[in-house]
Amino acid sequence: MTTDPISKIVACNLCTGCGGCAGAFPDFITMVEDPEQGRRPVVEASVEGRRAAIKAADYCAGGGTDWASLSLQDEIDEAWGPVLATWEGWAGDADVRHRGSSGGAVTALSQFALVSGVASGVAHVAAKADDPRLNQAVISRDAVGLMRGAGSRYAQASPAETMGEIAQGNEQIAFVGKPCDVASVAKSMQMDPQLAANIPLTIAIFCAGAPNLVATQSLLDHLGVPKDARLTDLRYRGQGWPGLMQAEWENSDGFRSLSQGISYAEGWGSILQSSRRWRCRVCADHTGAFADISVGDPWHAPPNGDVDAGRSLIVARTARGRAFVEAAIAAGVLVAEARPRDVIARAQPNLSATHGAVWGRRLAMRALGMTAPADRGQQIFKLWLKLSVKQKGQSILGTWKRVLREKLWRPVVIAGRGQ
């Protein structure tokens, strides 16, 4: 069994793959793309590597977070994290709205951070140019770079790999990532004043879990992409709300082909979601409680078809997040209307049940001798009590069955070496 804390977090199935540890200590910790487990860190087997891992563990949100550090005023905040204000809207730019996963709000806010001078760059993920199955962490400084990351990327991503570059630089860099990525960044900012000074804004994207590379290949097979073809583009969503999943490839003669599009419901529900990593299934923050702003789909007002005009649900988590959204609306960057603070529960009813089930799943893990995430100050037991008797039973018994069936009690072993 490994002895450094980062390797232990990976072995115990607690790693979220955010990349923060590798970003902070790139000489000793490297992210590896494991087809089954996803992007996970590998620590150099040396004294220096262990020292780096010990320091990096202080920045890691995989093992747990501290909700006591958040300002929680009522039951809405206890369930979803701080909710200062909410809006439903879309990007003022028609092209950004069309290409975005929902209403293009994340891209629009990111662009506004640049043009308003709040930031000179935005850290986010985009598809790798030479392999669109994979994601890479980038810092974009113009609209062209940001548009590379427009639309959902339902694959493993590690945007917090940029943390080292941000901390060591002299620029103001906004950060965009999944809730788990932002949680690690928030924890890092508490530990590192220089990093906190260099990040003026964080934006989280609602997330129901990240599929692995095996799932991506299953999607490509379903889309009819030949095994020997060179993949040139893979779109999970966008070009309308929620958009179609579609791939483009090039054969050995240079001829390009475009697959038929399949619906978001078919691609996510039938192919991708079943291969989410176990850490995603015991996550109790799918909406970005630790961000300044979080953005998701307003499913309470569903799209009319597969490529409807997009809409986004926008949540201000902090005072600076609220001020930034209000400034974006005033500038016409966002077209948005205020919504009641309880709109998240109506927009994401599946996540309400998921957060409740997490308490039962974690209880089952501990009963089986496994290490479970510890999110201090989060009232997930209250959410579990609201579940039906059947749902409560499923959260515990279902977890036992899955753990035994998938042998989740075994330490996670990462294939390959750093790349």
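Since we're looking at a predicted model, the values are computed, not measured. (Residues numbered from 1 in each chain as written. Predicted model: local features only at pLDDT ≥ 70, side-chain atom pairs only at ≥ 80, totals over all residues. Heavy atoms only, no water.)

Draft legend 1. Region of interest: unusual backbone geometry. In this structure, the amide linkage connecting Trp241 to the following residue, Pro242, adopts the cis form with an omega of -10 degrees. Located in the positive-phi region is Asn13, a residue other than glycine, with phi close to 65 degrees. Positive phi is not limited to glycine here, since Gln239 has a value of about 55 degrees. The residue Gln239 is located in the loop between β8 (230-235) and β9 (241-242) in this model. Using a relative accessible area of 38% as the deciding quantity, one classes Gln239 as partly exposed. (Helix = DSSP H or I, 4+ residues; strand = E, 2+ residues; numbered from the N terminus. Buried < 20%, exposed > 50% of the residue type's maximum accessible area, 1.4 Å probe, protein only.)

Draft legend 2. Examining the packing of helix α16 (residues 349-367) against helix α18 (residues 389-406) more closely. Contact pair α16 / α18: the axes reach a minimum separation of 8 Å and the direction vectors enclose 45 degrees. When the axis of α16 is compared with that of α18, the two are oblique. For the pair α16 and α18, the crossing hand works out as right-handed. In this structure, α16 contributes Ala353, Ala357, Gly360, Arg361, Leu363, Ala364, Met365 and Ala367 to the contact, and α18 contributes Gln391, Ser395, Ile396, Thr399 and Trp400. Class assignment of the residues belonging to the contact of α16 with α18 gives a composition of eight nonpolar, four polar and one charged. (Axes fitted to C-alpha atoms, helices over the stretch in contact; angles between N-to-C directions. Parallel < 35°, antiparallel > 145°, perpendicular 65-115°, else oblique. Left-handed = near helix turned anticlockwise from the far one by under 90°. Contact = heavy atoms within 4.5 Å. Nonpolar A, V, L, I, M, F, W, Y, C, P; charged D, E, K, R; others polar.)

Draft legend 3. The arrangement of the sheet that holds strand β3 (residues 85-91) in detail. An order of β5-β4-β6-β7-β13-β15-β3-β16 is seen for the eight strands of this open sheet, with the pairing classed as mixed. The open sheet terminates on both sides in strands that have one partner only, identified here as β5 (131-140) and β16 (334-339). If you compare each strand with its neighbour and ignore which way they point, the axes differ by 25 degrees on average. Relative to β16, β3 is paired through six bridges, and the arrangement is antiparallel. Residue pairing for β16: Ala91 is matched across the bridge by Leu334. Here helix α9 (residues 179-191) sits on the sheet and contacts β6 (173-177) and β7 (202-205); the angle it forms with β7, its principal contact strand, is near 155 degrees. (Pairing = 2+ DSSP bridges.)

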